[in-house]
Amino acid sequence: MFARSAARALKSQSRQFSSSATRQSKVAVLGAGGGIGQPLSLLLKLNPHVTELSLYDIRGAPGVAADVSHIDTGSEVRVPRLRPHSTSHVHAHPHRTALIQVRGYPADKLDQALEGTDVVVIPAGVPRKMTRDDLFNTNASIVRDLAAAIARVSPKAKVLVISNPVNSTVPIVSAVFEKAGVYDPAHIFGVTTLDVVRAQRFLAAVAGTDPKNVKVTVVGGHSGATIVPLLSQTPQGKSITGEAYEKLVHRIQFGGDEVVQAKEGAGSATLSMAYAGARFTGDILRALNGEKGVVTPTFVKSPLFAEQGIDFFSSNVELGPNGVEKIHGLGELSEQEKKLLEACLPELKKNIEKGKKFVQQS
Ligand SMILES: NC(=O)C1=CN([C@@H]2O[C@H](COP(=O)(O)OP(=O)(O)OC[C@H]3O[C@@H](n4cnc5c(N)ncnc54)[C@H](O)[C@@H]3O)[C@@H](O)[C@H]2O)C=CC1
Ligand SMILES: O=C([O-])CC(=O)C(=O)O
């Protein structure tokens, strides 16, 4: 009895230690003044893993930082401490709460904003009016230039790309890092979490259940036909067939259009995206801090379809202290999902090539 409770206590202490190993995590948001950037900065201020928040934009970042910095949340800073007279044991230090440093940086202070960052989230650029690919001309150069600064100032940071078209901007960031000689494919992520959030929300509505009971894997890329929800792998999705299935898949693939149309030219999804971006950043931070088993879909350099010339792909990825720990395969697909995948691959390939070509020609 005693042995069992001692073992439980030890286990809990070691769990505690894995979180007590929490380092200081500096997160930078590039594009913090925008429709996504502002609520994303707010949500990151609430994340206890974030000990420093660096907000950068060519417009308005100091104002957002001043505003967000008044929120009365701290962060738990747990510092592992060596036992006196021992170098071999570390014991959990009772955590202390610190104030999160929030700083805003204007256009000419990008390097300062990036110094010492562990995670950089990029929602900088323009939102679309028509297709995501229309954004390419403007956003490609914004993302390229930001990536060059990250590669120079904080080359080991994990880079989370929100700016569209994600299918091209992730290859752009990767190619810029490669050119700079600091590329680690485990560090660069396209944020496709909004597709997962939508898939779970829409499926829950069809199934008449709470979204928290629904877990959907969405693979491929982040635009229209490249978004492939694997509904057959969820208990609630398995039974949906025929027209209901077609409608649900269409809604997941084109959920962004619903928001663009409802906003009548004023932009695209910002609040749901900030939620999704904060959730993915939270996953990255938990994994960086040693939590095991953090698995989520994200668009990364991937071997899954590399033989077909598609070297970036979103699938379930296990995250770890170095970023990408393990890329999971797709699992079993239904006949309909195989068809969706067939439609996804050629479009995704074109989007990826466009991004790579842009950097080659820059
Ligand atoms: N990955 C995804 O699932 C989603 C991606 N997006 C994309 O996110 C991007 C941002 O969308 P919104 O926030 O709605 O746009 P927005 O126009 O409201 O905000 C963009 C911000 O970027 C800033 N910016 C422009 N150039 C910059 C530069 N060189 N450095 C730093 N900041 C710069 C602007 O000043 C602005 O504050 C768009 O490309 C949009 O398509 C939007 C929704 C979902
Ligand atoms: O639709 C857009 O352009 C913004 C976006 O990526 C989304 O909402 O999924």
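Calculation criteria
- Residues numbered from 1 in each chain as written.
- Chains lettered and ligands numbered in written order.
- Predicted model: local features only at pLDDT ≥ 70, side-chain atom pairs only at ≥ 80, totals over all residues.
- Helix = DSSP H or I, 4+ residues; strand = E, 2+ residues; numbered from the N terminus.
- Buried ≥ 20, exposed ≤ 12 C-beta atoms within 10 Å, placed from the backbone.
- Contact = placed C-beta atoms within 7 Å.
- Near = placed C-beta within 6 Å.
- Nonpolar A, V, L, I, M, F, W, Y, C, P; charged D, E, K, R; others polar.
- Domains from an automatic or database assignment.
- Core = buried A, V, L, I, M, F, W, Y, C linked by C-beta atoms within 7 Å.

1. Some words on the overall build of the protein
When helices and strands are counted, the protein shows twelve helices and 15 strands. Here the protein holds 362 residues, and 45% of them are scored as buried. Taking all contacts inside the protein whose residues are at least 6 apart in sequence as the whole, residues at least 24 apart take part in 71%.

2. As for the site of ligand 2
Near ligand 2, the surroundings consist of P127, R128, R132, N164, L194, G256, V259, V260, S268 and A269. Ranked by the residues each element gives to the shell around ligand 2, the list is headed by helix α10 (residues 255–262), at three residues. Among the residues forming the shell around ligand 2, the class breakdown is five nonpolar, three polar and two charged. Both of domain 1 (26–76 + 98–190) and domain 2 (192–361) provide at least three residues apiece to the shell around ligand 2.

3. As for the domain arrangement of the protein
Size of an interface: often given as the accessible area lost when the parts come together. For the protein, the assigned domains are domain 1 (26–76 + 98–190) and domain 2 (192–361). When each unit is reduced to the centre of its C-alpha atoms, the spacing between domain 1 and domain 2 is 21 Å. Across the boundary between the two partners, domain 1 contributes 41 residues, which contact 41 residues of domain 2. Going through the elements one at a time, α2 (37–45), β8 (119–122), α5 (136–153), β9 (158–161), α6 (166–179) and β10 (188–190) are the ones with two or more residues in the side of domain 1 that touches domain 2.

4. Some details on the site of ligand 1
Contacts to ligand 1 come from 32 residues, most closely from G31, G34, G35, I36 and N164. Of the residues forming the shell around ligand 1, the biggest block, three residues, is contributed by α5. Along the lines of polarity and charge, the residues of the shell around ligand 1 split into 16 nonpolar, 13 polar and three charged. Split by domain, the residues of the shell around ligand 1 number at least three in each of domain 1 (26–76 + 98–190) and domain 2 (192–361).

5. Topic: the nonpolar core
Within the largest apolar cluster, 92 residues are counted, with the highest numbers of intra-cluster contacts made by V120, I122, L160 and V161. Among the elements that take part in this core, helix α11 (residues 271–288) stands out by supplying nine residues, more than any other. Summarising the domain contributions, this core has at least three residues from each of domain 1 (26–76 + 98–190) and domain 2 (192–361). Once you skip the residues sitting within four places of it in the chain, I122 turns out to touch L30, G31, V143, L146, V159, L160, V161, I162 and S163.

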